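# Summary of structural features
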Amino acid sequence: MPDVRQVAVIGDSESDMLCGKRAGASIVAGVMTGVHSRERLLKGGATHILDSIADFPNLILSDDLGTTQVASSAR
């Protein structure tokens, strides 16, 4: 069975972030084009903040699943 830590979750709400964290995903990416602010996404457990869903493929390709970081757009 595949390891849940190899799963990436993306969403635009605090509850999306919470679900991803509770599921054990290594990447829980919040997208700023949605309903909640950066602060709410981080409060929900976002490991990454993206300006657009278009940034997600690059995140997956460049991330070492298991590292927690916030994308440069969140700084």
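What counts and how
- Residues numbered from 1 in each chain as written.
- Predicted model: local features only at pLDDT ≥ 70, side-chain atom pairs only at ≥ 80, totals over all residues.
- Heavy atoms only, no water.
- Buried < 20%, exposed > 50% of the residue type's maximum accessible area, 1.4 Å probe, protein only.
- Helix = DSSP H or I, 4+ residues; strand = E, 2+ residues; numbered from the N terminus.
- Arc of directions from axis to C-beta.
- Contact = heavy atoms within 4.5 Å.
- pLDDT = per-residue confidence, 0-100.

## A closer look at helix H1 (residues 14–23)
All buried positions along H1 are accounted for by Glu14, Met17 and Gly20. Projected down its long axis, H1 carries its buried residues within an arc of 125 degrees, all on one side. Projecting away from the buried face of H1 at angles above 90 degrees are the exposed residues Cys19 and Arg22. In this structure, the buried residues of H1 make contact with strand E1 (8–11), strand E2 (27–31) and helix H2 (38–44).

## Description of the confidence of the model for the protein
A residue-level look at the protein finds 81% of positions with pLDDT of 70 or above and a mean pLDDT of 84. Every residue in residues 66–75 is under pLDDT 50, and counting partners more than four places away or in other chains gives 21 contacts.

## Thoughts on the environment of Gly24
Mapping Gly24 onto the fold places it in the loop between H1 and E2. Gly24 sits in the partly exposed class, given a relative accessible area of 27%. Distance in space between the C-alpha atoms of Gly24 and Gln6 is 9.0 Å, their sequence separation being 18 residues.

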